[in-house]
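Below are the chains, spelled out letter by letter.
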Amino acid sequence: MLTVNAYAATSATGPLTPTTIERRDLGPHDVLIDITFSGICHSDIHTARSEWGATNYPIVVGHEIAGVVREVGAEVTKFAAGDRVGVGCMVDSCRECDNCRKGLEQYCLNGNVGTYGAVDRDGRPTQGGYAQAIVVTEDFVLRIPDGLALDVAAPLLCAGITTYSPLRHWGVGPGSRVAVIGLGGLGHMAVKLAHAMGAEVTVLSQSLKKQEDGLRLGADHYYATGDEETFAKLADSFDVILNTVSAKIDLDAYLGLLAVDGTLVNVGAPEEPLSVRAFSLIPARRSFAGSMIGGIAETQEMLDFCAEHGLGAEIEVIRAEQINEAYERVLASDVRYRFVIDASTF
Ligand code: NAP
Ligand code: ZN
Ligand code: ZN
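Definitions and cut-offs
Residues numbered from 1 in each chain as written. Chains lettered and ligands numbered in written order. Predicted model: local features only at pLDDT ≥ 70, side-chain atom pairs only at ≥ 80, totals over all residues. Heavy atoms only, no water. Helix = DSSP H or I, 4+ residues; strand = E, 2+ residues; numbered from the N terminus. Rg over C-alpha atoms; globule rule 2.2 N^0.38 Å. Buried < 20%, exposed > 50% of the residue type's maximum accessible area, 1.4 Å probe, protein only. Contact = heavy atoms within 4.5 Å. Areas by Shrake-Rupley, 256 points an atom, 1.4 Å probe, with all protein chains shown as cover. Lys, Arg positive; Asp, Glu negative; His and termini not counted. Charge placed at Lys NZ, Arg CZ, Asp CG, Glu CD. Core = buried A, V, L, I, M, F, W, Y, C linked by side-chain atoms within 4.5 Å. Near = heavy atom within 4 Å. Polar contact = N/O pair within 3.5 Å; in protein donor to acceptor, adjacent residues only side chain to side chain. Donors = N, O, S within 2.8 Å, 3.2 Å for Na, K, Ca; no water. Tetrahedral: all angles 85-135°; square planar, octahedral: opposite > 155°, others 65-115°.

Asker: Outline the overall build of the chain, listing residues and values.
Answerer: Each helix and strand counted, the chain has 11 helices and 17 strands in total. Since a compact globule built from 346 residues should have a radius of gyration of about 20 Å, the 20 Å found for the chain is in line with a globular shape. Along the first, second and third principal axes, the C-alpha atoms of the chain reach 60 × 40 × 35 Å. Put simply, the chain has 346 residues, and 56% of those count as buried. Restricting the contact set of the chain to residue pairs at least 6 apart, pairs at least 24 apart contribute 67%. With an accessible surface of roughly 14200 Å², the chain has 49% of that area assigned to carbon and sulfur atoms. The chain carries 27 positive and 45 negative side-chain charges, and their two centres are separated by 2 Å.

Asker: So what's going on with the nonpolar core? Which residues, and what values?
Answerer: Core analysis: the biggest nonpolar cluster contains 95 residues, and Ile 40, Tyr 130, Leu 193, Ile 323 and Tyr 327 have the highest contact counts within it. The element contributing the most residues to this core is helix H5 (residues 185–196), with six residues. Each residue touching Ile 323, except ones within four places of it in the same chain, is listed here: Tyr 7, Leu 16, Ile 40, Tyr 130, Ile 318, Ile 341 and Phe 346. By size, the runner-up hydrophobic cluster in this structure holds 15 residues, among which are Phe 231, Ile 249, Leu 257 and Leu 258.

Asker: So what about the site of ligand 1? Which residues, and what values?
Answerer: Taken together, 30 residues form the shell around ligand 1, and within it His 42, Leu 183, Ser 205, Lys 210 and Arg 338 come nearest. Contacts to ligand 1 include Ser 205, whose side-chain N or O atom sits 2.5 Å from an oxygen atom. At 3.0 Å, a backbone N or O of Val 267 approaches a nitrogen atom of ligand 1. Protein chains shield 89% of the accessible area of ligand 1, which is 920 Å² for the free molecule. Of all elements in the fold, only helix H1 (42–48) and H5 reach the threshold of two or more residues within the shell around ligand 1. Looking at the shell around ligand 1, the element that brings in the most residues is H1, giving three residues.

Asker: Can you break down the coordination of the zinc ion (ligand 2) residue by residue, with the values?
Answerer: Summarising the metal site, the zinc ion (ligand 2) is bound by the protein donors Cys 41 (SG), His 63 (NE2) and Cys 158 (SG), whose distances to it range over 2.0 to 2.3 Å. Counting gaps between the donor residues of the zinc ion (ligand 2) yields the pattern C-x21-H-x94-C. Remark: Cys 158 occurs in the loop between helix H3 (150–153) and helix H4 (159–169) and Cys 41 occurs in the loop between strand S3 (30–39) and H1; sequence separation between them is 117 residues. Side by side, Cys 41 and Cys 158 carry an identical accessibility label, which is buried.

Asker: Kindly report on the environment of Gly 62, identifying the contributing residues and their values.
Answerer: By the element assignment, Gly 62 lies in the loop between H1 and strand S4 (65–72). Taking the C-alpha atoms as reference points, Gly 62 and Gly 39, 23 residues apart in sequence, are found 6.7 Å from one another. Residues in contact with Gly 62, not counting those within four places in the same chain, are Asp 44, Thr 115, Tyr 116, Gly 128, Gly 129 and Tyr 130.

Asker: Tell me about unusual backbone geometry, residues and numbers included.
Answerer: Residue Pro 58 is bonded to the preceding Tyr 57 through a cis peptide linkage, with omega at -5°. Secondary-structure assignment places Pro 58 in the loop between H1 and S4. Note that the residue after Arg 336, namely Tyr 337, is joined by a cis bond; omega there is -10°. Turning to its location among the elements, Tyr 337 is positioned in the loop between helix H11 (323–331) and strand S17 (338–342). Notably, Arg 285 is not glycine yet its phi reads approximately 45°, a positive angle. Checked against the element boundaries, Arg 285 lands in the loop between helix H9 (278–281) and strand S15 (287–290). For Arg 285, a relative accessible area of 59% gives the class exposed.

Asker: So what about the coordination of the zinc ion (ligand 3)? Which residues, and what values?
Answerer: With distances of 2.3 to 2.4 Å, the protein atoms coordinating the zinc ion (ligand 3) are Cys 94 (SG), Cys 97 (SG), Cys 100 (SG) and Cys 108 (SG). Each of the four donor atoms around the zinc ion (ligand 3) contributes to a set of angles spanning 103 to 119°, which defines the coordination as tetrahedral. Here the donor residues for the zinc ion (ligand 3) map to a single chain with the spacing C-x2-C-x2-C-x7-C. Note on Cys 100: relative accessible area 8%, which makes it buried.

Asker: Lay out the side chain of Thr 244 with the relevant residues and their values.
Answerer: Tracing the chain through its elements places Thr 244 in the loop between strand S13 (238–243) and helix H8 (251–255). Within the structure, Thr 244 has its side chain in polar contact with the backbone oxygen of Ile 181 (distance 2.7 Å). From its side chain, Thr 244 meets the backbone oxygen of Gly 182 in a polar contact 3.1 Å long. Those residues in contact with Thr 244, other than ones at most four positions away along the chain, are Val 180, Ile 181, Gly 182, Leu 186, Gly 187, Val 267 and Gly 268.

Printed below as a string of structure tokens:
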């Protein structure tokens, strides 16, 4: 066993505090990774605060992990010491069900093994990336291309793939009219990726405070949803809308912005149920859909796409003792656009 420093949530209401956790001994297919940077995803906050149901405490969250391989198990073939690697939201799956066979490990019919808050295949609870090191089976480790710095790459492991996958699935490319609701961690990556795919991109943010940034990141248009006129002006005008908002919003208002056959894809995961009126969908054959992260092969494809297009996250690097303050800023929509923890400070 390897004992490493980490930060853990110990209750739904208290702050995250320093602790130590144990990582398993290297199995034949395992990779031991020294974590360099760990992104803060809003899902970490939902989980740390038991917003998606009761969390088992203490929990070390974090699933946007970038680092360097320290050591590999005897039968590992894909990685060697010194390789630059990443780990996202999953650390294993059954590998046998129809979905796993199709490369859709995130939809594993036996339940994918989450990077934190899950039970690993050896029966032990998984603990995430707010830590100095992690041990992961090689098939769930990603290669970070040379062109991408580890700090800006870390958020790609969740925010990047969660937005890349639906953009690809719903066929976004030149000629697509894409709107992104919420310019946070996921939203800013959605803007960069949709722009790089050739789409016409519109940001729908609560206010115009981040307009300059949005346009710089690749958006063609930027509207404030606090302004009622926005909804009249943009009616029936998008092929794909990606909702990245972490809170409940009035979906009916946004569905009205879809053109015929348009799809609103929900990736935001608020604790409250969302509601949709049938007549927001029926009159224009619109779809309301959801999407969860992406498969392992698709995550590698996304990382390679980002390297090719020179895309990384916009980040603010913090020390471990600033995590609780960073959480408050994320909750206040005051993040530009992802907090990344320097893992040498755990
Ligand atoms: P984030 O950085 O906090 O961004 C969310 C953005 O939503 C905010 O920056 C803000 O943008 C907007 N927003 C927040 N509260 C709002 C409100 N009350 N009304 C309207 N807009 C609001 O969060 P994130 O890390 O991108 O994650 C977003 C959501 O996606 C979370 O619920 C997270 O759990 C979920 N998620 C899902 C998946 C998946 O696989 N489906 C993966 C990762 C994360 P503006 O200031 O621009 O309005
Ligand atoms: Zn995440
Ligand atoms: Zn499976």
